[in-house]
Amino acid sequence: MRPKDPFIGRTILDGQFRIVQKIGTGGMGSVYKADQPAMNRMVAIKILHPKLVNRKDLTSRFRREARAMSQLNHPNTTKVFMYGELPEDGSLYIVMEMLEGKNLNQTVRRGGPMPAERAIPILVAVCGALEEAHSLGIVHRDMKPENIFICQQAGLKDYPKVLDFGLAKVTEAQMKPGSVILTQEGMVFGTPEFMSPEQAQGKTLDARSDIYSLAVILYEVLTGKLPFSARTPMEYIQKHVMEQPIPLNQRVEGKTFPAALEAVINRALSKNADDRYQTAGEFADALQHSLEPDATAPPVSQVQPSTPEPAAVEPPTPAPPAARPAEPVQSAPGTGLLIGVAAGCLLVGVILAVVIMRYVLS
Ligand SMILES: Nc1ncnc2c1ncn2[C@@H]1O[C@H](COP(=O)(O)OP(=O)(O)O)[C@@H](O)[C@H]1O
Ligand SMILES: [Mg+2]
């Protein structure tokens, strides 16, 4: 039998909240449902794993999450009521609105892939939440289906709320003078399956990295599969950097999507951030238009990456994607550089091969 969670049944913050049950768990902590009798409501409380309280990097990340989320007011972002340190034992906590429903990963696992007519309004609303965060200089950096909650409460159906700003980065321009830059360039943070190429290489990220991750999410929600087939997190990282995604319309046998939608996803999945939609609002508009009956695919020049990429080499029957790691990866600073060098070498190899072939054939 597993030992009982020490938080369950506990009353915290001078009797304000009584923890009832665990509702989620991730790499950083656990999320509990708690009763707040004075307000006659249930809330969700995220508590950093007590064993991590001595990890300065993680405690500052947790505080950063709380600070970032409490600045945001968009209706599609989870509301934070308060945060701080429990006087009882020093554990860090965030009190949030309690959401009823399932996260997007659970929703797709149980209900299967969604039709575009259902998936697109969800993604458009998420773009709204991110647009507010981006306008405040906050990049989420860990957009994945587990971090989008699909509320089914108070008469709402499919109402998404963005969660987990645990890896969010407030851009330097937005930081107050004298504040410390907490992230180190060259570190790879995030979840491999949903990582933008620049994130996979440990480069500086902006809003356009979140747009890439949203496109991977949409691809998965529509097809039940990721745009690359890989067996390991490292392989996903490499493919985000070097390989073209498997075309949406070739991913599931017998399933077709409007050409305009495929083109919008391709553009958002461009390797070079300059070739993507530049804002979440622009991406949302394009998604909305992609379902209109007279929507046509944008001109090819708009959807092609600015630099030619080596063609995807796909096994005939792709293996199912490896189980997603429960927590985001944080690799050594050299990893991004190594991937970059590997990508460079491959590209040079391909170019050389083409030149030699031409020479031999001529
Ligand atoms: N406010 C909330 N209401 C209901 N469930 C939540 C809430 N916040 C988080 N959860 C659940 O807990 C899971 C983990 O929360 P998250 O904030 O993503 O933590 P982590 O940083 O550990 O990944 C989510 O995927 C979701 O299912
Ligand atoms: Mg999470």
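The structure presented is a predicted model; accordingly, all values stated were derived computationally and were not measured. (Residues numbered from 1 in each chain as written. Chains lettered and ligands numbered in written order. Predicted model: local features only at pLDDT ≥ 70, side-chain atom pairs only at ≥ 80, totals over all residues.)

Student: Whenever I open this one, the site of ligand 1 confuses me. Can you help?
Tutor: Around ligand 1 there are 21 residues in total, and Gly24, Gly26, Ala44, Leu99 and Asp164 lie nearest to it. Counted by class, the shell around ligand 1 contains nine nonpolar, eight polar and four charged residues. Taken domain by domain, the shell around ligand 1 gets at least three of its residues from each of domain 1 (19-97) and domain 2 (101-319). (Near = placed C-beta within 6 Å. Nonpolar A, V, L, I, M, F, W, Y, C, P; charged D, E, K, R; others polar. Domains from an automatic or database assignment.)

Student: How do you make sense of the sheet that holds strand 6 (residues 92-97) when you look at a structure like this?
Tutor: Through backbone hydrogen bonds, the strands of a sheet pair up, either in parallel or in antiparallel fashion. Ordered in space as 1-2-3-4-6-5, the six strands form an open sheet in which the pairing is antiparallel. In this open sheet, the two edge strands, each paired with only one partner strand, are strand 1 (11-12) and strand 5 (80-85). As judged from the six bridges shared by strand 2 (residues 17-25) and strand 3 (residues 29-36), these two strands associate in the antiparallel manner. Bridge pairing links Gln21 to Lys33 in strand 3. Against the sheet, helix 1 (residues 56-70) contacts strand 4 (41-48), strand 5 and strand 6, and its axis sits at roughly 155° relative to strand 5. (Pairing = 2+ DSSP bridges. Helix = DSSP H or I, 4+ residues; strand = E, 2+ residues; numbered from the N terminus. Contact = placed C-beta atoms within 7 Å. Axes fitted to C-alpha atoms, helices over the stretch in contact; angles between N-to-C directions.)

Student: Where do I start with the environment of Ala259 in this structure?
Tutor: Relative to the helices and strands, Ala259 resides in helix 8 (residues 259-268). Classification of Ala259 as partly exposed rests on a count of 15 C-beta atoms within 10 Å. Between the C-alpha atom of Ala259 and that of Asn249, which follows or precedes it by 10 residues, the distance is 8.3 Å. (Buried ≥ 20, exposed ≤ 12 C-beta atoms within 10 Å, placed from the backbone.)

Student: Before we go on, may I ask you to explain the pairing of strand 5 in this structure?
Tutor: Both faces of the sheet carry side chains from a regular strand, because those side chains alternate between them. One ladder, built from five bridges, connects strand 5 with strand 6; its direction is antiparallel. Within the sheet, the bridge partner assigned to Gly84 lies in strand 6 and is Tyr93.

Student: Explain the pairing of strand 9 (residues 148-151) to me, please; I cannot follow it from the model alone.
Tutor: Across three bridges, the pairing between strand 7 (residues 101-103) and strand 9 is antiparallel. By the bridge assignment, Gly101 is partnered in strand 9 with Cys151. The sheet contact formed by strand 9 and strand 10 (residues 159-162) spans four bridges and is antiparallel. Across the sheet, Cys151 pairs through a bridge with Tyr159, a residue of strand 10.

Student: Mind showing me how you'd approach the sheet that holds strand 7 here?
Tutor: What the three strands build is an open sheet, ordered 7-9-10; its pairing is antiparallel. Bordering the open sheet on either side are strand 7 and strand 10, each of which pairs with just one other strand. Averaged over neighbouring strand pairs, the angle between their axes works out to 25° when direction is ignored. Seen against the sheet, helix 2 (residues 104-111) touches strand 7 and strand 9 and runs at an angle of roughly 100° to strand 7.

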